[in-house]
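The primary structure of each chain is shown beneath.
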Amino acid sequence: MYTTALYSQYQRMLSTLSQCEFSMGKTLLVYDMNLREMENYEKIYKEIECSIAGAHEKIAECKKQILQAKRIRKNRQEYDALAKVIQHHPDRHETLKELESLGKELEHLSHIKESVEDKLELRRKQFHVLLSTIHELQQTLENDEKLSEVEEAQESTMETDPKP
Amino acid sequence: MERAVPHAVPLGQMEVFQALQRLHMTIFSQSVSPCGKFLAAGNNYGQIAIFSLSAALSSEAKEESKKPVVTFQAHDGPVYSMVSTDRHLLSAGDGEVKAWLWAEILKKGCKELWRRQPPYRTSLEVPEINALLLVPKENSLILAGGDCQLHTMDLETGAFTRALRGHTDYIHCLALRERSPEVLSGGEDGAVRLWDLRTAKEVQTIEVYKHEECSRPHNGRWIGCLATDSDWMVCGGGPALTLWHLRSSTPTTIFPMRAPQKHVTFYQDLILSAGQGRCVNQWQLSGELKAQVPGSSPGLLSLSLNQQPAAPECKVLTAAGNSCRVDVFTNLGYRAFSLSF
């Protein structure tokens, strides 16, 4: 009777002790686990920081590229705008060809004009000669008529005179 | 015998007056401080208000941050134009140009540093100054306005060095062509004239209204806004908004906008313009309308891009016009909020 009470007390003490040991073991394990989780989290945290920094750099790069692309687009649009205006004007080769052909026509026509003018001059001179010869002939004929009139008058006076 | 106290307190004379003033206000000009954190706006009553952009853009912005930090009476007439050097704010309107120190401007009762009046031909009528332009290479300021001349003033000595004559009617706007030191001026007579600063002579004249593609006779021939990018120039107003190639003086692209535009500027690969409509228009150089962002004023008169390197977080576009509000666009796509006088 006495010993069973003691024994049961002893058993109870042993069980409490073992429970305490068990819970302490558990707590130690949990503590280990927490420490390792903390390390893990630290690692992940550092990795994320690195990737954030990397993303920042990529963003800065992309911004520079966007500015560059905008500059290129602006240049292209300026080029297009000027090209549109230039297209309105006709092609240079065609204009040169037209200019050449027009020049040739002009020369040809001026040649014709010169020859026509020469002909005109010649005809004018010939007419002038003709007219002056006609005038001279007229003059000579008039002179002849006058002379013959004077001769006739002289003859008639000579005819009346020598009959005294 | 006791009079019942009315629940609604009647508005005093002062408040009614201020409300009326705000209703009829027009903001003509804006200028950003050299540190990039403040914006000055000048209105038709001659007042200049300084807004703190950094406070309004910060994450703890409250309603008071959208009000000016300080407002003072700068001129007797409207403040038509303002520019900033690295230490001064220069404002002009009723024939005089005044300078204020940015460092002192936030204190109450700020006085102007100096005031100058260009030599006008007649002393009877003082013509207004519509546009100011800084020429950093020679440290001088160009003023243009009602007397149809461009006056150059040296900023160090305050002396007026040249008077460029050629316009037959008053001048609306000025622009600087960086590479060759040339100034472009556009005015009511419908011509954009290029002046060489070294020889003080007119080198080129473009009469915009004579070109059929862009002239709109029903609007008039006045040139309201000018911007240049060395080889290219964009101008608008009475005639349609057009992009010109300066060397050949040919109009290359016409932007299909019916309303006359009052302010235009080049930004990266876009052209931003604002005028009689409510919106800020963004155009590509090919003539396409990329975006139209509505603002809060019924008509816009000035745009300002804060590109100061010292404050990249305050890099915003601000637009102001026929109301007491200055719209702030943080991203060119939408209006973030408005500052108000």
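Residues numbered from 1 in each chain as written. Chains lettered and ligands numbered in written order. Predicted model: local features only at pLDDT ≥ 70, side-chain atom pairs only at ≥ 80, totals over all residues. Heavy atoms only, no water.

Student: Got a minute to help me understand the nonpolar core in this structure?
Tutor: Nonpolar side chains in soluble globular proteins tend to be buried together. Counting residues in hydrophobic clusters, the biggest one holds 19 residues, and the most contacted among them are F51(B), V326(B), L339(B) and F341(B). Dropping the residues within four chain positions of it, F341(B) is found in contact with R22(B), M25(B), I27(B), A41(B), N43(B), Q47(B), A49(B), F51(B), K67(B), P68(B), T71(B) and C324(B). (Core = buried A, V, L, I, M, F, W, Y, C linked by side-chain atoms within 4.5 Å. Buried < 20%, exposed > 50% of the residue type's maximum accessible area, 1.4 Å probe, protein only. Contact = heavy atoms within 4.5 Å.)

Student: In this structure, what is going on with the interface of chain A and chain B? I would like to understand it.
Tutor: It is common to give the size of an interface as the accessible area lost on bringing the parts into contact. In this complex, chain A contributes 10 residues to the contact, which on the side of chain B involves 13 residues. The junction of chain A with chain B conceals about 1,200 Å² of combined surface from both sides, 54% of it contributed by carbon and sulfur atoms. At the boundary of chain A and chain B, one finds two salt bridges. For K74(A), the salt bridge identified is with D229(B), shortest N-O distance 2.5 Å. Scanning the region where chain A abuts chain B turns up six residue pairs in polar contact (both at pLDDT 80 or more). Class assignment of the residues belonging to the side of chain A that touches chain B gives a composition of four nonpolar, one polar and five charged. (Buried area = accessible area lost by both parts, 1.4 Å probe. Salt bridge = Lys/Arg side-chain N within 4 Å of Asp/Glu carboxyl O. Polar contact = N/O pair within 3.5 Å; in protein donor to acceptor, adjacent residues only side chain to side chain. Nonpolar A, V, L, I, M, F, W, Y, C, P; charged D, E, K, R; others polar.)

Student: What should I look at first to understand the domain arrangement of chain A in this one?
Tutor: The domains assigned to chain A are domain 1 (1-91) and domain 2 (99-155). Taking the mean C-alpha position of each, domain 1 of chain A and domain 2 of chain A sit 118 Å from one another. (Domains from an automatic or database assignment.)

Student: Help me out: how do you make sense of the pairing of strand β14 (residues 182-187) of chain B in this one?
Tutor: On any regular strand, side chains alternate: one points to one face of the sheet, the next to the other face. Residues and elements named next belong to chain B. Of all six residues that make up β14, six are buried, and the element is covered over most of its length. Burial of the side chains of β14 extends over both faces: E182, L184 and G186 are buried on one face and V183, S185 and G187 on the other. In this sheet, β14 lies alongside strand β13 (residues 171-177) in antiparallel orientation, the contact comprising six bridges. In the strand pairing of β14, L174 is matched with S185. Adjacent in sequence and paired antiparallel, β13 and β14 are bridged by four residues. Alignment of β14 against strand β15 (residues 191-196), held across five bridges, turns out to be antiparallel. (Helix = DSSP H or I, 4+ residues; strand = E, 2+ residues; numbered from the N terminus. Pairing = 2+ DSSP bridges.)

Student: Mind showing me how you'd approach the packing of aromatic side chains here?
Tutor: Enumeration according to the criterion identifies five aromatic pairs over all chains in this entry. An angle of 40 degrees between the planes, with centres 6.2 Å apart, marks the rings of Y7(A) and Y10(A) as tilted. Pair noted here: Y7(A) and Y10(A) are both in helix α1 (residues 2-88), with a separation of three residues, about one helical turn. Residue class for Y10(A) comes out partly exposed when judged on its relative accessible area of 46%. Residues F28(B) and Y80(B) carry aromatic rings whose centres are separated by 4.9 Å and whose planes lie at 65 degrees to one another, so their mutual orientation is edge-to-face. Linking F28(B) in strand β1 (residues 27-32) with Y80(B) in the loop between β4 (70-73) and β5 (81-84), this pair joins segments that are 52 residues apart in sequence. For Y80(B), a relative accessible area of 27% puts it in the partly exposed group. We note R221(B) situated over the ring of Y209(B); from NZ or CZ to the ring centre the distance is 3.9 Å. (Phe/Tyr/Trp six-rings, centres within 6.5 Å; stacked < 30°, edge-to-face > 60°. Lys NZ or Arg CZ within 6 Å of the ring centre and 35° of its normal.)

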